[in-house]
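What follows is each chain in one-letter form.
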Amino acid sequence: MSIVSISDGVGSSISKSDLRAFATQLHVDTLDDKDAQDYLTLLRSLETVLRSIDNAPDYIAPDLLPHKTLKHRNFWKSTPEDNPFNGWSHQCDLRSAAPASNLLGGRTVAIKDNISVGGLPTTLGVPQSLFPQADGYPISPVDAVVVSRILGAGGIIKGTSTCESLCASPLSFTSATGPVHNPHLHNYTAGGSSSGSAVLVAAHHLASKGSGKSWGKTVELAIGTDQAGSVRIPASYNGLYGLKPTFGLVPYTGAGSMSPMIDHLGPLAAELEDVAALLEAMAGYDGYDPRMTPETPLVHNVKPYLELLHQARQVIQSTPKPGQGLRVGLLKESFHMPGVAADVRGIVSQTATRYFEAVGASVSEVSIPMHQQGPAIWTAATRPSMSNYLCQGNPSGHLSFLSPHTQLKWPPSQSTYDTLTCNNPAVVNIMLSDKFARESSKAGLEAKAHRMVFALRAAYDSALENFDILVTPCAPTVAMPHPDPNGPDERRASILDRLGVAIGLTSNTCPFNVTGHPGLNVPCGFSTAKDHPDVPLPVGMQIVTNRWADQQLIEAAALFERGREIVQTTADFS
């Protein structure tokens, strides 16, 4: 390491007592006076360099500037009538001035509010007081790459959707604007953290069925982010398709990071064709995202997912047993993860077997014992350093373009603690976990967890040599009521009371975030909640396949749909 310059110390804020305090934190109790003075000079030199960068003009890459739209970018807050489920963060109407294709022509899209949309506020689902500026939420100076690509494909962006607090919840009660409600049953969870994206699409789908109920302003399609299941879990609770693509297929540039190794962007839609079209529009190398790999296709080499699905549909409809040769593995351990309800276990297992077998696929059980370790591996591989990315807004060490407007106040304060403990104590836990890992945990454990990720990936890859897709339950239950914010003594509910309801919710989804395999939630049936036996609530099945075989997931879901048609038609005539 070279030293670029030596500071004379004029104007420095670092004193010799500060240096000794830093050394004490490194468990260095004895420091020679001359050594202390030399190290102080070196630290002051770094301080000078950092100050020069802080004072320099910032840079926005020209191709990340907001996509040119037909009209000036305006935004507005929804009325209660337009936003009955609290799915909207901010509304707008953005249309490309010169779309490059008609892939999404005229389709309405919502963007999760941790993904930058130029000219709109980005809230990250937290109170405005957590941002440094005092005059409202920060306005994005950039379009996330996927936002530009959606506009360029003819999509109409209708606004940003409510995001759970810093994306750190698989349920939907932590946003600064309050709980997001499931359109199937008010005051029940919509899942998180892409809660708003899911309810806006689900409400649109339910409204299309002709109910007289008021659904507010809705959209046909949405995108969310997924670090542990944040696209698939809301899709499961809302009866939608939700895809976590292969890691590195869709650029993450312009979205808020939780941990770079698990960050994914993915589509939510009621129809498979919409999933395929959104994936095709968003995928491909962007030149900024270090999550991209040598296997990431260049934009002009992205698979024509929608055309491939159309071709598959033609074969499926014209062939008596179109699924012949498809090998479906029911992942044994996933059905017995703690918290998986008996009704969900039965519905996923039975529908997967009946519908896939109806199209000629073979269905059998497969055991992957290491899947049970998946949630622990996910936690150990990410939690120790998560605060560095999620709360402090630091890059991963690889060249990255992080949007300058989403920086939170740092270091935290008592006010930060009080706000987050009230809003989402999971974020405080992430901050404390970082401190524990740095100060008290054994060195090298996070690196060992990363090595275990490779072992977990190899275990799934090995199973996928004998099976084309793996099947698991997605969310372990149907939607549940929002937790009561008040405890038994009318004070705020305890931290464990609020976080305890989410334990185990992502056990079947988070392992595939670290291994990078694509996972798709497929609506597969309905069950009911104890207090509302008359209200059908969606059950979701997750299907998983080899990395970079995302089209195989979409085609497998199309076969599942066809199998359902066959079974239901047979039942109607029996």
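Residues numbered from 1 in each chain as written. Predicted model: local features only at pLDDT ≥ 70, side-chain atom pairs only at ≥ 80, totals over all residues. Heavy atoms only, no water.

### What about the overall build of the chain?
Looking only at helices and strands, the chain features 15 helices and 13 strands. Relative to the 2.2 N^0.38 estimate, which gives 25 Å for 574 residues, the radius of gyration of the chain is 24 Å and therefore close to what a compact globule would have. Along the first, second and third principal axes, the C-alpha set of the chain runs to 90 × 60 × 55 Å. Out of the 574 residues belonging to the chain, those deemed buried represent 55%. Within the chain, counting contacts between residues at least 6 apart in sequence, those at least 24 apart form 78% of the total. Only carbon and sulfur atoms are counted for the fraction: they give 56% of the accessible area of the chain, which is about 24,500 Å². Both charge centroids of the chain, one from 42 positive and one from 51 negative side chains, sit 1 Å from each other. (Helix = DSSP H or I, 4+ residues; strand = E, 2+ residues; numbered from the N terminus. Rg over C-alpha atoms; globule rule 2.2 N^0.38 Å. Buried < 20%, exposed > 50% of the residue type's maximum accessible area, 1.4 Å probe, protein only. Contact = heavy atoms within 4.5 Å. Areas by Shrake-Rupley, 256 points an atom, 1.4 Å probe, with all protein chains shown as cover. Lys, Arg positive; Asp, Glu negative; His and termini not counted. Charge placed at Lys NZ, Arg CZ, Asp CG, Glu CD.)

### A few points about the pairing of strand β3 (residues 156-161)
In terms of burial, β3 is largely enclosed, as five of its six residues are buried. Summarising the sheet, strand β1 (residues 88-94) and β3 pair through four bridges and their orientation is antiparallel. Bridging across to β3, Q91 finds its partner in G159. Sheet topology note: the strand β2 (residues 108-112)/β3 ladder contains five bridges and is parallel. Residue pairing in the sheet places I111 in a bridge with T160 of β3. A crossover links β2 with its parallel partner β3, the connecting element being helix α3 (residues 145-152), and its sense is right-handed. (Pairing = 2+ DSSP bridges. Right-handed = clockwise from strand over helix to strand, strands pointing away.)

### Some words on the packing of helix α6 (residues 272-282) against helix α7 (residues 305-318)
With their axes 7 Å apart at the nearest point, α6 and α7 run at an angle of 150 degrees to one another. The orientation of α6 with respect to α7, classified from their angle, is roughly antiparallel. Every residue of α7 that contacts α6 at L272, E273, A276, A277, L279 and E280 is listed here: Y305, L306, E307, L309, H310 and R313. The class makeup of the residues in the contact of α6 with α7 is seven nonpolar, one polar and four charged. (Axes fitted to C-alpha atoms, helices over the stretch in contact; angles between N-to-C directions. Parallel < 35°, antiparallel > 145°, perpendicular 65-115°, else oblique. Nonpolar A, V, L, I, M, F, W, Y, C, P; charged D, E, K, R; others polar.)

### Concerning the packing of aromatic side chains
Enumeration according to the criterion identifies six aromatic pairs in this entry. Between Y288 and F401 the ring centres are 6.1 Å apart and the planes differ by 75 degrees, which places this aromatic pair in the edge-to-face class. Here Y288, found in the loop between α6 and α7, pairs with F401, found in the loop between α9 (374-390) and α10 (414-423); they are 113 residues apart in sequence, far enough to count as distant. (Phe/Tyr/Trp six-rings, centres within 6.5 Å; stacked < 30°, edge-to-face > 60°.)

### Concerning the pairing of strand β13 (residues 532-544)
Inspection of the sheet shows strand β11 (residues 469-473) paired to β13 by four bridges, in the antiparallel sense. Counterpart to T472 in the pairing with β13 is Q542. With nine bridges joining them, strand β12 (residues 519-529) and β13 adopt antiparallel strand pairing. Directly across from V522, in β13, lies its bridge partner M541. As consecutive antiparallel partners, β12 and β13 are separated by two residues.

### Re empty space enclosed by the protein
The final tally for this structure, using the stated rule, is three cavities of 30 Å³ or more. Lining of the largest cavity is provided by L130, L166, C391, L408, K409, W410, T416, L420 and M431. Tallied by class, the residues present in the lining of the largest cavity amount to seven nonpolar, one polar and one charged. Quantified by volume, the second largest cavity comes out at close to 40 Å³. Along its surface, the second largest cavity is lined by P245, T246, F247, G248, L249, V250, D263, H264 and L265. Its residues assigned to classes, the lining of the second largest cavity shows five nonpolar, three polar and one charged. (1 Å grid on protein atoms, 1.4 Å probe; cavity = no way out; pocket = protein on both sides within 12 Å on 5 of 7 lines; lining within 4 Å. Points joined across faces, edges and corners; volume = space filled by probe spheres on them.)

### Looking at the layout of surface pockets
Looking at the largest pocket, its volume works out to about 1,100 Å³. Along its surface, the largest pocket is lined by 42 residues, and G393, L402, S403, P404 and Q407 are the ones closest to its centre. Of all the elements in the fold, those that place two or more residues in the lining of the largest pocket are α2 (33-55) and α9. With three residues, α2 is the largest single contributor of residues to the lining of the largest pocket. Counted by class, the lining of the largest pocket contains 23 nonpolar, 15 polar and four charged residues. Its boundaries defined by the atoms lining it, the second largest pocket holds a volume of some 670 Å³. Taken together, 32 residues make up the lining of the second largest pocket; nearest its centre are P170, W378, R383, A502 and T506. Broken down by secondary-structure element, the contributors of at least two residues to the lining of the second largest pocket are α9, α11 (425-439) and α13 (495-500). It is α9 that provides the largest number of residues to the lining of the second largest pocket, a total of five residues. Across the lining of the second largest pocket, the residue classes break down as 17 nonpolar, 13 polar and two charged.

### A closer look at the sheet that holds β11
Reading across the sheet, the 11 strands line up as β1-β3-β2-β6-β8-β7-β12-β13-β11-β9-β10 and stay open at both edges, with mixed pairing between neighbours. In this open sheet, the two strands that pair with only one neighbour each are β1 and β10 (362-366). Direction aside, neighbouring strands of the sheet carry axes that sit 25 degrees apart on average. Packed onto the sheet, helix α8 (residues 342-358) meets β9 (327-331), β10, β11, β12 and β13 and runs at close to 125 degrees relative to β12.

### Let's talk about α3
Burial runs high along α3: eight of the eight residues are buried. Residues of α3 that are buried: V145, V146, V147, S148, R149, I150, L151 and G152. Check the buried side of α3 and you find it contacts β1, β2, β3, β6 (221-226), β8 (264-269) and α6. The positive-phi residue at the C-terminal boundary of α3 is G154, with phi of around 90 degrees.

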